[in-house]
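One letter stands for each residue in the lines below.
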Amino acid sequence: MTVIKTKNQYEKQNPLTQYPRPPFPKQPQERPGSVDLMDPAPDHGEGSYQGFGRLKGRKALVTGGDSGIGRATVIAYAREGADIAFNYLPSEEANAQEVVKLIEAEGRKAFPIPGDISDEAFCKKLVEEAVEKLGGLDILVNNAGRQTAQKSIAELTTEQFDNTFKVNVYALFWISKAALPHMDAGATIINTTSIQAFDPSEILLDYAQTKACIVAFTKALASQVAEKGIRVNAVAPGPFWTPLQPSGGQPQDKIEKFGSSTPLGRPGQPAEIAPMYVLLASQESSYITGEVMGVTGGMMPY
Ligand code: NAD
Ligand code: MG
């Protein structure tokens, strides 16, 4: 596990030079990918995130918590005082065990729960097990996602289309439905959508549609559960340096210049988006619901 030594996130810095800028080497990986094979190594805040007790005693379930945005969120939540159950695919066990160590280093409880969320029965089991182990549920982060680029609609198979919708859309519905009966006033749900919901790439025909679905799901569910005092929001990342991208999310020639078209000229690091997941989980965001928060290096098209 590589720990990036950087200044903490509270010192003034130039965002243009704070993190690596393209060009990057080509680095194909098999889906779902591993953070340990990424060059340069991503920063999940291991060496920089400072907690202030904003989630003290809270119980959180995070999907896709082994790597990328989910890993950075888990580290931040643990440092803010939460216990965490997190899901990932069985093939990601090595990355998951690194995350367990990071949570436990903060004196918080870690419950890794591997399994495939494209399966409804597993989604129900995941929530039941998380609630049982945590002793309740205050925060649900629906963050797992599949992204596989295809040049044309002719190459996009029904199998891929179906699995992308299962992982990115159906699982959100199944997990949220199972989780809500365990959540009470002050609880929050945070869904990871994407800038792709608003500015879809031609090579992400299926993926972009699922991310648009997540925006509508977030807004409709937020209206529905507001009367219970439960808030539902979404985060829309721009290009972030995570295993999703080199493991088929982008063609390798796009990895070389990944993030270069943003005004800041580089991809975001997972450590730079975790604070948004902390804000939306904490009581500081008490008047924010049904929102989509862009964290895009300046690319959000509104
Ligand atoms: P990541 O690869 O680190 O995380 C995605 C995770 O999804 C994987 O770790 C895996 O555990 C999980 N996953 C995939 N298929 C699964 C399945 N069938 N069952 C259970 N878990 C499964 O990459 P990331 O970029 O941190 O992705 C997190 C979220 O951010 C995703 O929803 C992604 O769509 C979204 N996002 C990423 C970017 C980016 O540029 N990296 C941009 C916009 C949105
Ligand atoms: Mg992963």
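Given the structure is predicted, the values throughout are model-derived calculations rather than measurements.

Conventions used here
- Residues numbered from 1 in each chain as written.
- Chains lettered and ligands numbered in written order.
- Predicted model: local features only at pLDDT ≥ 70, side-chain atom pairs only at ≥ 80, totals over all residues.
- Heavy atoms only, no water.
- Pairing = 2+ DSSP bridges.
- Helix = DSSP H or I, 4+ residues; strand = E, 2+ residues; numbered from the N terminus.
- Axes fitted to C-alpha atoms, helices over the stretch in contact; angles between N-to-C directions.
- Contact = heavy atoms within 4.5 Å.
- Buried < 20%, exposed > 50% of the residue type's maximum accessible area, 1.4 Å probe, protein only.
- Right-handed = clockwise from strand over helix to strand, strands pointing away.
- Phe/Tyr/Trp six-rings, centres within 6.5 Å; stacked < 30°, edge-to-face > 60°.
- Lys NZ or Arg CZ within 6 Å of the ring centre and 35° of its normal.
- Near = heavy atom within 4 Å.
- Polar contact = N/O pair within 3.5 Å; in protein donor to acceptor, adjacent residues only side chain to side chain.
- Areas by Shrake-Rupley, 256 points an atom, 1.4 Å probe, with all protein chains shown as cover.
- Nonpolar A, V, L, I, M, F, W, Y, C, P; charged D, E, K, R; others polar.
- 1 Å grid on protein atoms, 1.4 Å probe; cavity = no way out; pocket = protein on both sides within 12 Å on 5 of 7 lines; lining within 4 Å.
- Points joined across faces, edges and corners; volume = space filled by probe spheres on them.
- Donors = N, O, S within 2.8 Å, 3.2 Å for Na, K, Ca; no water.
- Parallel < 35°, antiparallel > 145°, perpendicular 65-115°, else oblique.
- Left-handed = near helix turned anticlockwise from the far one by under 90°.

Ordered by their spatial adjacency, seven strands build an open sheet running E3-E2-E1-E4-E5-E6-E7, and the pairing between neighbours is parallel. Each of the sheet's edge strands pairs with one partner strand only, and the pair in question is strand E3 (110-114) and strand E7 (292-295). Each neighbouring strand pair of the sheet contributes to a mean axis angle of 15°, computed without reference to strand direction. Where strand E6 (residues 231-237) lies against E7, four bridges are found, and the strand directions are parallel. Bridged to Val235 within E7 is Met293. Strands in contact with helix H4 (residues 158-179) are strand E1 (59-63), strand E4 (139-142) and strand E5 (188-192); relative to E4, the strand with the most contacts, it is inclined by about 175°.

The element E6 is extensively covered by neighbouring structure, given that seven of its seven residues are classed as buried. Sheet analysis places E5 next to E6, joined by five bridges and oriented parallel. Within E6, the residue paired with Thr188 across the bridge is Arg231. In terms of handedness, the path from E5 via helix H5 (residues 205-225) over to E6 forms a crossover that is right-handed.

Let us look at the packing of aromatic side chains. Applying the stated criterion across every chain yields a total of six aromatic pairs. Lying over the aromatic face of Tyr170, Lys166 brings its terminal NZ or CZ to 5.5 Å of the ring centre.

So, about the site of ligand 1. In the vicinity of ligand 1 lie 30 residues, with Ser67, Glu92, Tyr207, Thr242 and Gln245 positioned nearest. Contact distances for ligand 1 include 2.5 Å between an oxygen atom and a side-chain N or O atom of Glu92. In this structure, Asp116 approaches ligand 1 through a side-chain N or O atom, which is 2.8 Å from a nitrogen atom. Protein chains shield 97% of the accessible area of ligand 1, which is 810 Å² for the free molecule. Elements supplying a minimum of two residues to the shell around ligand 1: helix H1 (68-79), strand E2 (83-88) and H5. Across the shell around ligand 1, the residue classes tally to 13 nonpolar, 13 polar and four charged.

Attention shifts here to empty space enclosed by the protein. Here the structure, examined in full by the defined rule, presents two cavities of 30 Å³ or more. Considered as a void within the structure, the largest cavity measures approximately 60 Å³ in volume. Residue composition of the lining of the largest cavity, grouped by class: four nonpolar, two polar and three charged. Roughly 30 Å³ of internal volume is contained in the second largest cavity. Lining the second largest cavity are Thr63, Ile117, Asn142, Ala144, Val167, Ala171, Leu172 and Ile175. Here the lining of the second largest cavity gets four residues from one element, more than from any other, and that element is H4. Residues belonging to the lining of the second largest cavity are distributed by class as follows: six nonpolar, two polar and no charged.

What follows is about the coordination of the magnesium ion (ligand 2). Protein coordination at the magnesium ion (ligand 2) comes from Asp66 (OD), Ser67 (OG) and Glu92 (OE), with a distance range of 2.1 to 2.2 Å. The sequence motif formed by the donor residues of the magnesium ion (ligand 2) is D-S-x24-E. One end of the pair, Ser67, is in the loop between E1 and H1; the other, Glu92, is in the loop between E2 and helix H2 (93-104), and 25 residues separate them in sequence. Here Ser67 falls in the buried class, since its relative accessible area comes to 12%.

The next thing to look at is the packing of H1 against helix H8 (residues 274-281). Between H1 and H8, the least distance of the axes is 8 Å, while the angle of their chain directions is 55°. Judged by the angle between their axes, H1 and H8 are oblique. The handedness of the crossing between H1 and H8 comes out as right-handed. Touching Ile69, Ala72, Thr73, Ala76 and Tyr77 of H1 are Ala274, Tyr277, Val278 and Ala281, all from H8. Along the lines of polarity and charge, the residues of the contact of H1 with H8 split into eight nonpolar, one polar and no charged.

Its location among the elements puts Gln29 in the segment before E1. What makes Gln29 buried here is its relative accessible area of 11%. In contact with Gln29, other than residues within four places in its own chain, are Ser34, Leu37, Met38, Pro243, Pro246 and Ser247.

Glancing now at unusual backbone geometry. Along the chain, Arg31 connects to Pro32 via a cis peptide bond; the corresponding omega equals 5°. Within the secondary structure layout, Pro32 lies in the segment before E1.

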